[in-house]
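Summary of the model geometry
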Amino acid sequence: MVKLNKNYWLFGVFFLLYFFIWAACTMFLSLWLTNVGGLSSTKTGIIFSAISIAAICYQPFFGILADKLGLKKNLLWFFIFLLVFIGPFFIYVFPALLKTNIILAAIVGGAYLGAIFNGGVGAIEAYIEKVSHANHFEYGRVRVFGNIGAATSTFVTGHLFNTNPHLVFWISTIAAILLAVIFSFAKMDESSSEAVQHQNEQSVPKGSTLALFKNKKFWFFTLYVLGVGCVYDVYDQQFPVYFTHFFSSADKGTEIFGNLVTLQIFLEAIVMILAPFIINKIGAKNALIYAGFIMSFRILGSSFADGPVAISLLKLMHAAEVPILLVAVFKYISANFDMRLSATIYLIGFQFSKQVGSIFLSTIAGNMYDTVGFKSAYLLLGSVAFIFTVISMFTLAGKSKSAAENVSVKRAS
């Protein structure tokens, strides 16, 4: 029990610090690229596309490697090492590249940010989800700390962004160093680690990863991710820029956006605590459909928003679906696929698929913002997400494992 509590709190703080860094560096990235880099919406879309391209190159490799390593810490140490340099990168390297050559900036920025955030987050989440199984606590409850970290970060960076953004990035480097210290105290119980490794060897025969691509349920899951999750992520990329248009000045809009996101993420933490209970009641498939309709409504609603209050309420709707989506994805994978391939399925079927779609959609959406405007672009994106949510009602699978497998999954969680 002591070890269980120790790992729960250690990985809770790990999530807190990691998402603190992520939120600090990416929540206002579109604004930072516009203000510091002087980029148009189209060029900003190119940067986001580059991050997505890099991420898709990493994710299949990270997923397979994560499943092979089990509870070994090597891969997470690699991410932490890279995170320590986040401050110098944003202060000295990235701005110089943006002013010199947008393509070079996209390549370097995409490779670095794609590894530590978009590409690496799936491996980190999958690792801690494995830890939750080995230590018998709900993943959703430890993931709450990530929401708290992101909320704290947004509150801090929302105020610092307009005055001294360099402080934001130095604070992120300090947080990465603390992350290394915390992770060094995390010790896996040898019997749990050996059990996970033994299960991997027993139930993942050669060729099992390739066999996923012959699985109809895998492709229908990927269809949902592309048509709903990917479209929503692309919508959210430059939403901060759109949000500031509803206020008298960009600085005022940025400050309010930061405060609003802080509230939103604290609301997410509350929903995240309840998410495992809700999803166990309604089922993972229904939870994914619910999240899809909320995402569709928010995108479409943004197209018709006519003032600061309306757009702010729509922003807060993010808290009603993201926690459900994150937990439901893992539970859907547990219910419908081999648990020993959980990291591979999560990184390829969920993270990888979203990034592939973002490569094309980010630049297209950025161009639409410059040409037809945000409202028209959001109307189209929202309609696409809604259509794919309806399709997924008929294509996503319900819980289909055998009774024996279900018992095993419940015991593990």
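The model shown is predicted, which means the values in this text are computed figures rather than measured ones.

Here helix α18 (residues 342–371) contains 30 residues, and its C-alpha end-to-end distance of 41 Å stays within 8% of the 44 Å for a straight helix at 1.5 Å per residue. At Ser358, α18 shows its largest kink, close to 40°. Counting buried residues in α18 gives 21 out of 30 residues, a clear majority hidden from the surface. At the C-terminal side of α18, Gly373 shows a positive phi close to 100°.

Mapped onto the fold, Lys354 is located in helix α18. With 125 residues separating them in the primary sequence, Lys354 and Gly229 have C-alpha atoms 6.7 Å apart. Excluding residues within four positions of it along the chain, Lys354 makes contact with Val225, Gly229, Cys230 and Asp233.

A few words on the nonpolar core. Of all hydrophobic cores here, the largest spans 140 residues; its most connected members are Phe14, Phe90, Phe94, Leu113 and Phe117. Considering every element that reaches this core, the biggest residue donor is helix α1 (residues 2–26), with 14 residues. Setting aside anything within four residues of it in sequence, one finds Leu113 in contact with Ile51, Ile86, Phe89, Phe90, Phe94 and Asn118.

For the coordinates displayed, the defined rule picks out 50 aromatic pairs. Ring centres of Trp9 and Phe145 lie 5.6 Å apart, and the angle between their planes is 80°; on these two criteria the pair is classed as edge-to-face. Of this pair, Trp9 sits in helix α1 while Phe145 sits in helix α8 (residues 139–160), and the two are 136 residues apart along the sequence. On the numbers, 6.1 Å between centres and 75° between planes, the contact of Phe15 with Tyr139 is edge-to-face.

A few words on the side chain of Ser172. By the secondary structure assignment, Ser172 is in helix α9 (residues 165–185). Discounting chain neighbours no more than four positions away, the residues touching Ser172 are Ile21, Ala24, Cys25 and Ile86.

This part takes up the confidence of the model for the chain. For the chain, per-residue confidence averages 83 on the pLDDT scale, and residues scoring 70 or more make up 90% of the total. Note that pLDDT drops below 50 for residues 199–203; the model gives that stretch six contacts with residues more than four away or on any other chain. Within the model, pLDDT remains below 50 along residues 401–413, and this stretch shows 17 contacts once partners closer than five positions in the same chain are excluded.

With that settled, consider the environment of Phe374. Assignment of secondary structure puts Phe374 in helix α19 (residues 374–395). Classification of Phe374 as buried rests on a relative accessible area of 9%. When the C-alpha atoms of Phe374 and Gln238 are compared, they prove to be 9.4 Å apart, with 136 residues separating the residues in sequence. Setting aside anything within four residues of it in sequence, one finds Phe374 in contact with Gln238, Val241, Tyr242, His245 and Tyr369.

Moving on, we come to helix α5 (residues 86–100). Look at α5: 20 Å from first C-alpha to last across 15 residues, which is about the 21 Å you get at 1.5 Å a residue. The largest bend in α5 comes to about 35°, at Val93, with the proline Pro95 one to four residues further on. Among the residues making up α5, those that are buried are Ile86, Gly87, Phe89, Phe90, Ile91, Phe94, Pro95, Leu97 and Leu98.

Note on placement: Phe79 falls in helix α4 (residues 74–83). Relative accessible area serves as the criterion here: at 1%, Phe79 is assigned to the buried category. C-alpha separation for the pair Phe79 and Ile116, spaced 37 residues apart in sequence, amounts to 5.8 Å.

Taken as a whole and assessed by the stated rule, the structure comprises three salt bridges. Between Arg298 and Asp236 there is a salt bridge whose closest N-O contact spans 3.3 Å. Taken together, the positions of Arg298 in helix α15 (residues 284–304) and Asp236 in helix α12 (residues 216–237) put the pair 62 residues apart, joining distant regions of the chain. When its relative accessible area of 1% is taken as the criterion, Arg298 is described as buried. Accessibility expressed as a relative area gives 21% for Asp236, which makes it partly exposed.

Conventions adopted
Residues numbered from 1 in each chain as written. Predicted model: local features only at pLDDT ≥ 70, side-chain atom pairs only at ≥ 80, totals over all residues. Heavy atoms only, no water. Helix = DSSP H or I, 4+ residues; strand = E, 2+ residues; numbered from the N terminus. Expected span 1.5 Å × (residues − 1). Bend = angle between axes of the 7 residues up to and from the residue. Buried < 20%, exposed > 50% of the residue type's maximum accessible area, 1.4 Å probe, protein only. Contact = heavy atoms within 4.5 Å. Core = buried A, V, L, I, M, F, W, Y, C linked by side-chain atoms within 4.5 Å. Phe/Tyr/Trp six-rings, centres within 6.5 Å; stacked < 30°, edge-to-face > 60°. pLDDT = per-residue confidence, 0-100. Salt bridge = Lys/Arg side-chain N within 4 Å of Asp/Glu carboxyl O.

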